[in-house]
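Listed here are the chains, written in short residue letters.
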Amino acid sequence: MSYDFSDIDIVFVIFLSTKFGISILLTAITFTISKKVNNIANKWLTVFIFGLSLVFLVDILGEFNSNISHYLLFFCKEIIVFLIPISLYLAVHSFVKPIKNLTRNDVILFIPWIVDILLKSFSFFGKKVFITENKLYQPWYDILFIAFCIFILIKSSLIISRHQKSIKYLSADVYRIDLKWLLYLLLAPTILIFTEIIFSFSSSYTLISIADIIEFLLLFYMGYHIVLQKEIFPYEKTQLENIDKVIKHKYQPDTENLRLSPLKIEETKSFILQYMIEKQPYLESDITLPKLAFGLRMKSHFLSYFINNYFHKNFYSFINEYRVEESKKILIDPKKKHLNMLGVAFESGFNSKTTFNTTFKKITGVSPSNYRKQQTTN
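Calculation notes
- Residues numbered from 1 in each chain as written.
- Predicted model: local features only at pLDDT ≥ 70, side-chain atom pairs only at ≥ 80, totals over all residues.
- Heavy atoms only, no water.
- Phe/Tyr/Trp six-rings, centres within 6.5 Å; stacked < 30°, edge-to-face > 60°.
- Lys NZ or Arg CZ within 6 Å of the ring centre and 35° of its normal.
- Axes fitted to C-alpha atoms, helices over the stretch in contact; angles between N-to-C directions.
- Helix = DSSP H or I, 4+ residues; strand = E, 2+ residues; numbered from the N terminus.
- Parallel < 35°, antiparallel > 145°, perpendicular 65-115°, else oblique.
- Left-handed = near helix turned anticlockwise from the far one by under 90°.
- Contact = heavy atoms within 4.5 Å.
- Nonpolar A, V, L, I, M, F, W, Y, C, P; charged D, E, K, R; others polar.
- Core = buried A, V, L, I, M, F, W, Y, C linked by side-chain atoms within 4.5 Å.
- Buried < 20%, exposed > 50% of the residue type's maximum accessible area, 1.4 Å probe, protein only.
- Salt bridge = Lys/Arg side-chain N within 4 Å of Asp/Glu carboxyl O.
- 1 Å grid on protein atoms, 1.4 Å probe; cavity = no way out; pocket = protein on both sides within 12 Å on 5 of 7 lines; lining within 4 Å.
- Points joined across faces, edges and corners; volume = space filled by probe spheres on them.
- pLDDT = per-residue confidence, 0-100.
- Polar contact = N/O pair within 3.5 Å; in protein donor to acceptor, adjacent residues only side chain to side chain.

## Some words on the packing of aromatic side chains
- By the definition in use, this model includes 16 aromatic pairs.
- Within the aromatic cluster, the residues linked to one another by ring pairs are Tyr-282, Phe-302, Tyr-305, Phe-306, Tyr-310, Phe-311, Phe-318 and Tyr-322.
- The ring of Tyr-316 carries the charged tip of Lys-168 above its face, separated from the ring centre by 4.7 Å.
- Here the basic side chain of Arg-323 rests over the ring of Phe-350, its NZ or CZ set 5.6 Å away from the ring centre.

Here it is in structure tokens:
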């Protein structure tokens, strides 16, 4: 079969091929990373990226043959269209769940994909025109698909938003485990998937090229954060059930035949406060609720319940308030005036300068550097 390369934008095809190559490389990287951190979540993310790769490949081949729809490869691309947003949702779901299990509502999401496979299989094996190429049904199909993607986007965003709150009940340092990067990247699949439909109504190479450039940059952004991600729940399997209770706020003392009397509350408070003063666990940059609970010889879900209800704050605030107080002492200590803000942050137990500055200003109302200047002036 020969092609008239004079009708093909060679630069554009090279660009598409590069995008496809990067997506395949990113698929391999994500699958490799899944063996080290966030196993199930990264496997679903691998499915998502591979699905995009297949879409990109068909786009490339489409530049050479307008009848690509008759090929098996195009059929494979067509039947995974709905799986792409579903796999993204399942990746998000797996990232935020200590115990990985699908609910009935999650399974229901597969129904549109199954129906789509059946319809397209009937067209493919019956050698009929695909619903996505039928002028009568294509607009309705596109609307349905866009609506489904928007639903997935909103549902995933809400899940991550809840996670960003609940993770503060477990960790004093939420950098790279609050999934802020993934929340931002939810805009990426919106562009990556919708582009295939939005620009199908235009024959303008300018519009298509702009969309491809955006997709190209988003792939790099996605890859950067995938490589740098941290394990969300780095706990033993035996601890995960307690962690799940903490996240879901399931623990109630009465349900475990434990009633806290006023005396017991004060005794427990004093015990925790004394431990914080003597052992200074907040100076450990990797302190977590399970670690503190182990030191106090308490169950994680009980300690979380107690801090929330009797100190009236979450674990994140509880630990970082101690760190801020420690940093205030360091900032006014003449012997430590040589330390810059990063040095003060590390000495106080913070893991990064950004987290230190943000937390310090939130609690005191001024930045660490301004606080040092104010105290020096006084």
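That was the structure; now back to the text.
## A look at the packing of helix 3 (residues 72-79) against helix 6 (residues 110-125)
- Closest axis-to-axis distance for the helix 3/helix 6 pair is 9 Å, and the angle between their directions is 160°. With respect to helix 6, the axis of helix 3 lies roughly antiparallel. Considering only the axes of helix 3 and helix 6, their crossing is right-handed. Contact residues: Leu-72, Phe-75, Glu-78 and Ile-79 in helix 3; Trp-113, Asp-116, Ile-117, Lys-120, Ser-121, Phe-124 and Phe-125 in helix 6.
- Residues belonging to the contact of helix 3 with helix 6 are distributed by class as follows: seven nonpolar, one polar and three charged.

## Quick notes on the nonpolar core
- Counting 80 residues, the largest nonpolar core has Phe-95, Leu-170, Phe-233, Ile-272, Leu-292, Leu-303 and Ile-319 as the members making the most contacts within it.
- Element by element, the count of residues in this core is highest for helix 4 (residues 83-96), at ten residues.
- Formed by eleven residues, the second largest nonpolar core is a distinct cluster that contains Ile-330, Val-344, Phe-350 and Phe-360.

## Side note on the pattern of salt bridges
- Taken as a whole and assessed by the stated rule, the structure comprises seven salt bridges.
- Taking the shortest distance from any N to any O, the salt bridge between Asp-286 and Lys-291 comes out at 2.7 Å.
- The residue Glu-347 makes a salt bridge to Lys-336 at a minimum N-O spacing of 3.4 Å. In this pair, Glu-347 is assigned in helix 16 (residues 341-348) and Lys-336 in the loop between helix 15 (315-331) and helix 16, connecting sequence segments eleven residues apart.
- Judged by its relative accessible area of 38%, Glu-347 is partly exposed.

## Examining the layout of surface pockets
- Approximately 620 Å³ is the volume attributed to the second largest pocket.
- Taken together, 23 residues form the lining of the second largest pocket, with Val-174, Asp-178, Lys-180, Tyr-316 and Thr-355 sitting closest to its centre.
- Of all elements in the fold, only helix 8 (180-185), helix 10 (205-228), helix 15 and helix 17 (353-364) reach the threshold of two or more residues within the lining of the second largest pocket.
- Residue contributions to the lining of the second largest pocket peak at six residues, all from helix 17.
- Looking at the lining of the second largest pocket, its residues break down into seven nonpolar, ten polar and six charged.

## Remarks on the confidence of the model for the protein chain
- Here the protein chain shows a mean pLDDT of 84. Residues at 70 or above account for 83%.
- Per-element confidence in the protein chain ranges from a low mean pLDDT of 59 for helix 9 (residues 187-198) to a high of 95 for helix 15.

## Regarding the side chain of Ser-34
- Among the secondary structure elements, Ser-34 is positioned in the loop between helix 1 (10-33) and helix 2 (39-62).
- A relative accessible area of 0% means that Ser-34 is categorised as buried.
- From its side chain, Ser-34 meets the backbone oxygen of Phe-31 in a polar contact 2.4 Å long.
- Setting aside chain neighbours within four positions, we find Ser-34 in contact with Asn-39, Asn-42 and Lys-43.

## Some words on unusual backbone geometry
- Phi is positive for Leu-179, close to 60°, though the residue is something other than glycine.
- Secondary-structure assignment places Leu-179 in the loop between helix 7 (138-166) and helix 8.
- Judged by its relative accessible area of 0%, Leu-179 falls in the buried class.
- The backbone of Arg-297 sits at a positive phi, close to 60°, despite the residue not being glycine.
- Relative to the helices and strands, Arg-297 is located in the loop between helix 13 (289-296) and helix 14 (300-310).

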